[in-house]
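# Structural characterization, general
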Amino acid sequence: SLLLVGFVLYTDRKRKEPSKNIIICLLSGILTVALAGYLEELVMPYFSNNVILTYVWAFIEEISKILIFFLFIFDNKHYDDIYDGLVYMCLISLSFAGLENIIYAFSESTVQNGISLALMRDFTTVPLHVICGIVIGYFISLGNFSKDKTKKHLNFLYAILIATFIHGTFNVLMSTLGSLNIDYSSQISVLFMQVIPCLLYTSDAADDLTRV
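Residues numbered from 1 in each chain as written. Predicted model: local features only at pLDDT ≥ 70, side-chain atom pairs only at ≥ 80, totals over all residues. Heavy atoms only, no water.

### Looking at the packing of helix α5 (residues 82-106) against helix α6 (residues 111-122)
At a closest axis distance of 8 Å, the pairing of α5 and α6 adopts a crossing angle of 155°. In terms of their interaxial angle, α5 and α6 are classed as roughly antiparallel. Crossing handedness for the pair α5 and α6: right-handed. Mapping the contact onto sequence places Glu-100, Asn-101, Tyr-104 and Ala-105 in α5 and Gly-114, Leu-117, Ala-118, Arg-121 and Asp-122 in α6. (Axes fitted to C-alpha atoms, helices over the stretch in contact; angles between N-to-C directions. Helix = DSSP H or I, 4+ residues; strand = E, 2+ residues; numbered from the N terminus. Parallel < 35°, antiparallel > 145°, perpendicular 65-115°, else oblique. Left-handed = near helix turned anticlockwise from the far one by under 90°. Contact = heavy atoms within 4.5 Å.)

Written out as C-alpha cells, the structure is:
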C-alpha cells in the first residue's frame, strides 16, 4: 500500500496536492474501515444469499470511501481537474486497503499464516481497491466537471455501480477460491490457486476501464 501511495504521489509531482488533503486521505482508512464494518454487520441478517451479501458489502465499502471524498475533497478548491479525483480516491482506497489488510493479518491464529495472508492480499486486494478508486475518481470527476446535469448524475451513478460490480465480482472469486481450503503456509499453492487468478481478474478489469 505504501509503495503504491508513493507511486500515486509521484505521478502527480508536477501539480502536488496540499499536504493537508493527502494526510486526510491517508488517515481516512480509520473512518472508512470502521463505518464499513459497522454497516456490514448491520445488513448481514437481512441477506441469506452469500453472493448477494458479497455485492452488498462491496457496495458498502465503496460508499464508505466515496463519503470521505465528498466530505473532505469534493468542495475543496484544490480539486480542480479530473486527475485530482483519481489521486485522492486512490489514496483513500489505499488507506482502506492497508488498514483492512493489517486487521485480517492479525486475525490469523499464527504469525506465519498472518504474513502469508497479508502478502497474498498485497498482490490481490490492494490492486483491486486501487482499480475501484480509479473508477470512482474518474467518473465522479467527469460528473463534477460536466455542465450537463443528466451526465453529472449518470457519472456519479456509474462511479458506484461499476466499482461495486468489480469489487463484488472479485470478492466472489476470492470466496470461491477460498473454499478450496488453500494452505496459507504453502506459498506456492497460494500463488497458483489464489494470487494468479485474482491478478488476472484485476488486470482484465483495468484493461476494460482503459477502453471506457
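### A short note on a nonpolar patch on the surface
There is a patch of nonpolar side chains on the surface, built from Leu-31, Leu-67, Leu-71 and Phe-72 and spanning about 380 Å² of accessible area. The leading source of residues in the nonpolar patch is helix α4 (residues 50-72), at three residues. Looking at the element boundaries, Phe-72 is found in helix α4. (Patch = residues over 30% accessible without salt bridge, like charges linked within 9 Å, V, L, I, M, F, W, Y side chains within 5 Å. Areas by Shrake-Rupley, 256 points an atom, 1.4 Å probe, with all protein chains shown as cover. Salt bridge = Lys/Arg side-chain N within 4 Å of Asp/Glu carboxyl O.)

### Some details on the nonpolar core
Across soluble globular proteins, you tend to see nonpolar side chains buried next to one another. Counting residues in each nonpolar core, the largest one holds 35 residues, and the members touching the most others are Phe-69, Leu-91 and Ile-140. For this core, the elements supplying multiple residues, two or more each, are α1 (2-11), α2 (19-27), α4, α5, α6, α7 (125-144) and α8 (149-178). Discounting chain neighbours no more than four positions away, the residues touching Leu-91 are Val-5, Val-8, Leu-9, Ile-22, Cys-25 and Leu-26. In terms of nonpolar packing, the next biggest core, distinct from the first, is built from five residues, Val-33, Val-56, Ile-60 and Phe-96 among them. (Core = buried A, V, L, I, M, F, W, Y, C linked by side-chain atoms within 4.5 Å. Buried < 20%, exposed > 50% of the residue type's maximum accessible area, 1.4 Å probe, protein only.)

### Examining the side chain of Asp-84
As for its position among the elements, Asp-84 is in helix α5. Buried and unpaired, Asp-84 has Arg-15 as its nearest opposite-charge partner, separated by 5.0 Å. If we ignore the near neighbours within four places in the chain, the residues touching Asp-84 are Asp-12, Glu-17, His-78 and Tyr-79. (Lys, Arg positive; Asp, Glu negative; His and termini not counted.)

### Regarding the layout of surface pockets
The space that makes up the largest pocket amounts to roughly 720 Å³. As for the largest pocket, its lining consists of 28 residues, of which Trp-57, Glu-100, Tyr-104, Arg-121 and Asn-171 are closest to the centre. Sorting the residues of the lining of the largest pocket by element identifies α3 (29-43), α4, α5, α6, α7 and α8 as the ones contributing at least two each. Counted by class, the lining of the largest pocket contains 14 nonpolar, nine polar and five charged residues. (1 Å grid on protein atoms, 1.4 Å probe; cavity = no way out; pocket = protein on both sides within 12 Å on 5 of 7 lines; lining within 4 Å. Points joined across faces, edges and corners; volume = space filled by probe spheres on them. Nonpolar A, V, L, I, M, F, W, Y, C, P; charged D, E, K, R; others polar.)

### Description of the environment of Ala-159
Considering the arrangement of structural elements, one finds Ala-159 in helix α8. Assessed through its relative accessible area of 0%, Ala-159 is described here as buried. For the pair Ala-159 and Ile-134, spaced 25 residues apart in sequence, the C-alpha to C-alpha distance is 9.3 Å. Beyond its immediate stretch of four places on either side in the chain, Ala-159 contacts Val-135, Ile-136, Phe-139 and Ile-140.

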